[in-house]
Amino acid sequence: MITLEQVTRRYGETVAVDGLTLEVENGEVCVLIGPSGCGKTTTLRMINRLIEPSAGRILIDGRDTAGIDTRKLRLSIGYAIQSVGLFPHLTVFHNIAVVPQLLHWDKQRISGRVEELLDLVGLEPEVYAGKYPGQLSGGQAQRIGVARALAADPPIMLMDEPFGAVDPLTRERLQEQFLRIQRELKKTVVLVTHDLDEAIRLADRIAIMEAGKLVQYDTPEEILSRPGNKFVRDFVGADRALKRLSRLNITRYVKPAASVGLDGKARGAISASGDRWLWVVDDKQQLIGWVDGNLLKEGISIKEAMDAGDSREIALSESATLREALSRMLGLGFMRVPVVDNSYRLIGEVSLKDVESATSEGGG
Amino acid sequence: MRRFFSPDSVALTGSAVGLASLLAGWLTLKPNRLVAGTSLDLWESSGGAGPYLIAGLWLVCLAMSVVNLKRPRGAVLGTTANAILIMALVLVGAAGSRLLQGESSAARVSLGAGFWVNLVGAYMAVFAARRLLSEAGAWRHAVSWSAPAAFILLLFSGWFHDLSVMQEYSGYQQRFSQEMIQHVRLFGTSVIAGTLLGIPLGIWATRNKYAERPVLFTVGMVQTVPSLALFGLLIAPLSALSFAFPALRDFGIRGVGVTPAIIALVIYSLLPIVRNTYVGLRRVDPAAIDAALGMGMSRWQVFRRIEIPLAASLVLEGVRTASVQAVGLATVAALIGAGGLGWFVFRGIGQAAPDLILLGAIPVIVLALLVDALMRLAVRLGTPEGTRGAGR
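How each quantity is defined
- Residues numbered from 1 in each chain as written.
- Chains lettered and ligands numbered in written order.
- Predicted model: local features only at pLDDT ≥ 70, side-chain atom pairs only at ≥ 80, totals over all residues.
- Helix = DSSP H or I, 4+ residues; strand = E, 2+ residues; numbered from the N terminus.
- Buried ≥ 20, exposed ≤ 12 C-beta atoms within 10 Å, placed from the backbone.
- Contact = placed C-beta atoms within 7 Å.
- Core = buried A, V, L, I, M, F, W, Y, C linked by C-beta atoms within 7 Å.
- Expected span 1.5 Å × (residues − 1).
- Arc of directions from axis to C-beta.
- Axes fitted to C-alpha atoms, helices over the stretch in contact; angles between N-to-C directions.
- Left-handed = near helix turned anticlockwise from the far one by under 90°.
- Pairing = 2+ DSSP bridges.
- pLDDT = per-residue confidence, 0-100.
- Right-handed = clockwise from strand over helix to strand, strands pointing away.
- Parallel < 35°, antiparallel > 145°, perpendicular 65-115°, else oblique.

Per the secondary structure count, chain B includes 15 helices and 3 strands. Principal-axis analysis of the C-alpha atoms gives chain B an extent of 75 × 70 × 30 Å. The burial tally for chain B puts 40% of its 392 residues in the buried class. The contacts of chain B with a sequence gap of at least 6 include a subset with a gap of at least 24, amounting to 73%.

The secondary structure content of chain A amounts to 17 helices and 18 strands. Counting only C-alpha atoms, chain A reaches 80 × 50 × 30 Å along its principal axes. Expressed as a percentage of its 364 residues, the buried residues of chain A come to 41%. Taking all contacts inside chain A whose residues are at least 6 apart in sequence as the whole, residues at least 24 apart take part in 59%.

The next thing to look at is the environment of Ala-113 of chain B. All names here are of chain B. Relative to the assigned elements, Ala-113 resides in helix α5 (residues 113-132). Accessibility expressed as a C-beta count within 10 Å gives 13 for Ala-113, which makes it partly exposed. Non-local contacts of Ala-113, meaning those with residues more than four positions away in its chain, are made with Ala-24 and Gly-25.

Looking now at the environment of Gln-177 of chain A. Residue and element names in this part refer to chain A. Its location among the elements puts Gln-177 in helix α8 (residues 168-185). Along the primary structure Gln-177 and Pro-125 are separated by 52 residues, whereas in three dimensions their C-alpha atoms are 17 Å apart. Ignoring sequence-local partners within four residues, the contact set of Gln-177 consists of Val-121 and Gly-122.

All right, on to the nonpolar core then. Membership of the largest hydrophobic core comes to 171 residues, with the highest contact counts inside it found for Val-31 and Val-190 of chain A together with Val-92, Ala-125, Ala-261 and Leu-265 of chain B. Per-element accounting of this core gives the leading share, 14 residues, to helix α11 (residues 258-282) of chain B. Each residue touching Ala-125 of chain B, except ones within four places of it in the same chain, is listed here: Ala-11, Gly-14, Ser-15, Cys-61, Leu-77 and Ala-81 of chain B.

A separate point is the interface of chain B and chain A. Of the residues lining the interface, 19 residues belong to chain B; the matching set on chain A comes to 21 residues. Mapped onto the side of chain B that touches chain A, the elements with two or more residues apiece are α12 (286-294) and α13 (299-329) of chain B. A per-element tally of the side of chain B that touches chain A places α12 of chain B first, with 6 residues.

Residues and elements named next belong to chain B. Its 17 residues place the ends of helix α3 (residues 50-66) 25 Å apart at the C-alpha level, agreeing with the 24 Å of an ideal helix rising 1.5 Å per residue. Within α3 the residues assigned to the buried category are Pro-51, Ile-54, Leu-57, Trp-58, Cys-61, Met-64 and Ser-65. Summarising the axial view, the buried residues of α3 lie within an arc of 135 degrees, below the 170-degree limit, and thus occupy one face.

Turning next to the packing of helix α8 (residues 173-207) of chain B against α13 of chain B. All names here are of chain B. For the pair α8 and α13, the least separation of the axes is 10 Å and the interaxial angle reads 150 degrees. Between α8 and α13 lies a crossing of right-handed hand. Residue-level contacts link Phe-187, Ser-190, Val-191, Gly-194, Thr-195 and Ile-199 of α8 to Val-315, Val-319, Ala-322, Ser-323, Ala-326 and Val-327 of α13.

Our focus in this paragraph is the sheet that holds strand β7 (residues 156-160) of chain A. Residues and elements named next belong to chain A. Taken together, 6 strands build an open sheet; the order of strands is β6-β7-β8-β3-β9-β10 and the sheet is mixed. Only two strands of the sheet have a single partner each, and these edge strands are β6 (77-81) and β10 (213-218). Here the average twist between neighbouring strands, direction ignored, is 15 degrees. Pairing of β6 with β7 involves 5 bridges; the strand directions are parallel. Each residue of the ladder has a partner; that of Ala-80, found in β7, is Met-159. Strand contacts of helix α1 (residues 40-47): β3 (29-33), β7, β8 (188-193) and β9 (205-210), with the helix running at about 150 degrees to β8, the strand carrying the most contacts.

To continue, consider the confidence of the model for chain A. Per-chain confidence: chain A averages 85 in pLDDT, with 95% of residues scoring 70 or above. Across chain A, the element-wise mean pLDDT spans from 62 in strand β12 (residues 266-267) of chain A up to 93 in helix α3 (residues 92-96) of chain A.

Bringing the sheet that holds strand β4 (residues 55-60) of chain A into the picture now. Paired through their backbone hydrogen bonds, the strands of a sheet run either parallel or antiparallel. Residues and elements named next belong to chain A. Read from one edge to the other, the open sheet built from 4 strands follows the order β2-β1-β4-β5, with strand pairing classed as antiparallel. Edge positions in the sheet fall to β2 (14-24) and β5 (63-64), since each of these pairs with one other strand and no more. In terms of strand pairing, β4 meets β5 through 2 bridges, oriented antiparallel. Residue pairing for β5: Leu-59 is matched across the bridge by Asp-64.

Now for the pairing of β9 of chain A. All names here are of chain A. Bridge count for β3 against β9 is 4 bridges, and the pairing is parallel. Bridging from a neighbouring strand, Ile-33 pairs with Ile-208 of β9. Sheet topology note: the β9/β10 ladder contains 5 bridges and is antiparallel. Within β10, the residue paired with Glu-210 across the bridge is Lys-213. What sits between β9 and β10 in their antiparallel hairpin is a turn of 2 residues, with Ala-211 showing a positive phi close to 45 degrees.

Right, let's talk about the pairing of β8 of chain A for a bit. All names here are of chain A. For β8, the buried fraction is high: 6 of the 6 residues fall into the buried class. By the alternation rule, side chains of β8 split into Thr-188, Val-190 and Val-192 and Val-189, Leu-191 and Thr-193, which are all buried. By the bridge criterion, 5 bridges tie β3 to β8 in an arrangement that is parallel. If you follow Leu-32 over to β8, its bridge partner there is Val-192. In terms of strand pairing, β7 meets β8 through 5 bridges, oriented parallel. Residue pairing in the sheet places Asp-160 in a bridge with Val-192 of β8. For the crossover from β7 across α8 to β8, the handedness is right-handed.

Turning next to unusual backbone geometry. One non-glycine residue, Asp-61 of chain A, lies in the positive phi region at around 50 degrees. Turning to its location among the elements, Asp-61 of chain A is positioned in the loop between β4 and β5. The class of Asp-61 of chain A is exposed, set by 11 C-beta atoms lying within 10 Å. Backbone geometry places Ala-352 of chain B, a non-glycine residue, at a positive phi of 55 degrees. Assignment of secondary structure puts Ala-352 of chain B in the loop between α14 (342-351) and α15 (354-382). Its 10 C-beta neighbours within 10 Å are what place Ala-352 of chain B among the exposed residues.

Here chain B shows a mean pLDDT of 86. Residues at 70 or above account for 96%. Both scores are available for the predicted complex, with the pTM at 0.77 and the ipTM at 0.74.

It is worth spelling out the packing of helix α9 (residues 209-223) of chain B against α11 of chain B at this point. All names here are of chain B. Contact geometry for α9 and α11: axes closest at 8 Å, N-to-C directions at 140 degrees. Of the possible angle classes, the one that applies to α9 and α11 is oblique. For α9 against α11, the interelement crossing comes out left-handed. Only Ile-267, Tyr-268, Leu-270, Leu-271, Val-274, Arg-275 and Tyr-278 of α11 make contact with α9, whose side of the interface consists of Val-215, Leu-216, Val-219, Gly-220, Val-222 and Gln-223.

Written out as structure tokens, the structure is:
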């Protein structure tokens, strides 16, 4: 657990961080966010004492960091930054091995660990271990940066815009990977970003800062549905209802869907409302299109009446969010979208009504 | 699409210069060491097919400088230029001996403008060839080093014995090796001292914001003082010092001599070393340093493991510049009684004996090239692999 008590940092006349009190639970991702100059990076850098607080205390698991040797403190905290800061004269292997070497691990343990970490961040060790940073793409370099920060398996990770310097597509992939790794490793993470979508996506708790002060510290859901004041409301933006949808997984909202097989037999439940449109599945239960129920009643064969559709384009996976569901509905002009499992088998559907009710739940 | 004609301006100029050199006098036959003699062009100084061969080779160079042969172009151009250089050396050596036959023992044969211009033209062609052979390889080394190697071989075999420069040498043999050693000692001492002083100064300038401007300003400033003036400027304070504390004279601290020369040379070598150390350290990515500190390295570990390796190539580059510069500047040191190869240059000027000047000047040039090559090797070895090829 990281505890900040009335932490202040002054630079001459200016106060960068002003009486900040904050607690980060073990295994949680705390995202510091706010406009530039709000003190979020200063706060982060005070935790590993790259910047010393002018006043206040920072405790890790109840121990005042001021009493810990700075090098020992930093060796026990992972540190990843936006510009990555890989050492250009060292190979990927030796970049990752820096902290284990500082901790005098033996060679075998180090090389085993490096291999493990490269696997973890999805870069084949045989290919990448011997490369120099100059030979990596931006996304690869950032992954190495994260791997390097994880090297000695520190319980705490400090990350300053770790996915900042890459294109949006790569960033999304890195975020996904981060969430997967975090689910597995359960680190205590303090992450600085200026990207609200990133914060909503990654955070267990978001700390919104303004002019060195903490404005609101809450779960993303709470911040989006109950912004504490005008600043937060403005900061999260008028589209916060939409943003909130991206926190909500569809699984809670999936309902059984009416479908028919190619033989014309109904599969699954025909919904009580007697919806006009039915999903069409093949004999492996895989989604292949949809059909107008009225045409079937008139005796037209399924093969003639059916609109074929590519599962990958129309259906959502189980891990999708309501925001994606809504976007898919708007894009396709459907009131309902099908949900499939990993092998494209139909498992249900999400309707616009469900999305609406989810939006109103939070009172947003 | 590749064009058949694609002139290379450097090779073209070199070829033109080389062809023009055939019209000028290559050797001068003088009844004795000091008087003016008769200038002889290549054909007059050397009989046989040699001169025609050189002219022919220059035409090949000319062709290579306009016709695009793509890959073999650099190799052909470089080989031809080297052949010209070696031929020219062989010819002047042989012609010297031939011309002296039947002359009095006081007669001299010295090298004329044509020979030197030919040398310049050939080196322009070599330079162009090296550029065409952009990737380093056996050919590139052959093009760079075969003519100098031939020169050294011919020199030590006594091939140039009858040329006036070598006759000056035989008159000063003992003195020559003495001054040569003195020259090496002068620039060697000052570059080592300059490095030991310059690198800490450069580091200090990056670490201390109050030191930064004064240090860089001062080393930049002294560089603008002409070398002769700096040597002169040191005479007054040093002789005053040695008069005030006569004991200092035992350590060689006098107004003239080796000490002021070395002091001046050290001051000159400071600028490239200090500036390159400063720039080299400043150029290290601040993010790398931040990451290193944040990961738990001590300030010293960051310096030793991150900053030194990343700045090394630029620092060594600075030492290289300083060394080559010091080889040349040490020549001037002879003027204040420090000796070195400059002794021959200034004595030659005093006696109006151009060949004696050459006896000092040629070894200085050879020495500078040698030092340059050695230091380039050092720079290459000192550049960490991951940073090679990135803007260096």
